[in-house]
Amino acid sequence: VTFYFSDIEGFTTFSEKLSPERLTQLMNRYLGEMTETILASGGTLDKYIGDAIMAFWNAPMPKADHALTACRAALDNQKRLADLRPEFERLGFPPVRNRIGLNSGPASIGNMGSPKRFSYTAIGDNVNLASRLEGANKAYGTFILISESTRQGAGAAIEVRELDFVKVKGKNMPIRVYELLGLAGQTEPALINKARLFEGGLEHYRARRFDSAQIVFKKVLADFGEDHASEKYIERCDDARRIPPPADWD
């Protein structure tokens, strides 16, 4: 299955500024719009956890292209939220942005709980990874992060930018992660050009050519403007030149 986790950026901060009634009004509008996209795509809404949404595809009903469908839903929800922001502004709400993590893989799914109360849900390592990827967006200034398994499942139908290997909490092996940019044939050329340039810097970086890598990442900023991921790698290059990484550096 493919798992979807989303969370509102800075939710705690702005929720403290709203009355319970106003917060309820905002959350019902937001959750309603996001959920509609997921259900319309054939996804299963697992639960709401405060402002967070957990969903998945390919259970209980089979869906062969579940990775691509989840990517489409994530992109649709980002667009839907962008369309909602002017309405939220008119109503006096703060800007609402969310972060999404997607991961594909096997998990245990079924009715779980107590004899008196249970729910249809999913548990397992791949569920946790999707949740961790949602949170990892903060480190790169991105809004949709997907794992390598989701990227492979969606194939050539999506446009991505490879970002990093990350070792998320609870995992011993690093995971290759990507920023989801859009659908093939529907993504702005500038985003694709930026991604290819950035990935060139990534290649230099992994080969320990830190001077060359830093030049490329600075060019990303010069050509395309603010990019937190490039800024992060520029700092890493400075650190690697000051203290060269060990022979087993990964």
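Provided above is the structure to which this section pertains.
J.: Would you take a moment to explain unusual backbone geometry for this structure?
T.: Put simply, Ala59 and Pro60 share a cis peptide bond, and its omega is 0°. Tracing the chain through its elements places Pro60 in the loop between strand S3 (52-57) and helix H3 (66-90). One non-glycine residue, Asn58, lies in positive phi territory at about 90°. Along the chain, the position of Asn58 falls in the loop between S3 and H3. Since its relative accessible area comes to 26%, Asn58 is described here as partly exposed. With a phi angle near 70°, Arg208 is a residue other than glycine that sits in the positive phi range. For Arg208, the position within the fold is in the loop between helix H6 (189-206) and helix H7 (210-224).

J.: Which parts of the structure should I look at to understand helix H4 (residues 125-140)?
T.: Within an α-helix, residues lying three or four positions from one another point in the same direction, as the helix has 3.6 residues per turn. With 16 residues, H4 extends 23 Å from end C-alpha to end C-alpha; this agrees with the ideal 22 Å at 1.5 Å per step. Along H4, the residues classified as buried are Asn126, Val127, Leu129, Ala130, Leu133, Glu134, Ala136, Asn137 and Tyr140. Phi for Gly141, located one or two positions after H4, is positive at around 70°.

J.: Which parts of the structure should I look at to understand the side chain of Asn126?
T.: Tracing the chain through its elements places Asn126 in helix H4. Once residues within four sequence positions are removed from consideration, Asn126 is found in contact with Phe3, Asn103, Ser104, Gly105 and Pro106.

Analysis parameters
Residue indices follow the written sequence of each chain, beginning from 1 at its first position. The predicted nature of this model means local features are confined to residues of pLDDT at least 70 and side-chain atom pairs, given and counted, to a pLDDT of 80 or more, with totals for whole chains, interfaces and linings taken over all residues. The side-chain figures draw on all heavy atoms in the structure; neither hydrogens nor water molecules are used. Strands are runs of DSSP state E lasting at least two residues, helices are runs of H or I lasting at least four, and both sets are numbered from the N terminus onward. With a 1.4 Å probe rolled over the protein chains alone, any residue whose accessible area is under 20% of its type maximum counts as buried; one over 50% counts as exposed, and the rest are partly exposed. Multiplying 1.5 Å by the residue count of a helix minus one yields the expected span of that helix. Contact between two residues is taken to exist if any of their heavy atoms lie within 4.5 Å; hydrogens are not considered.

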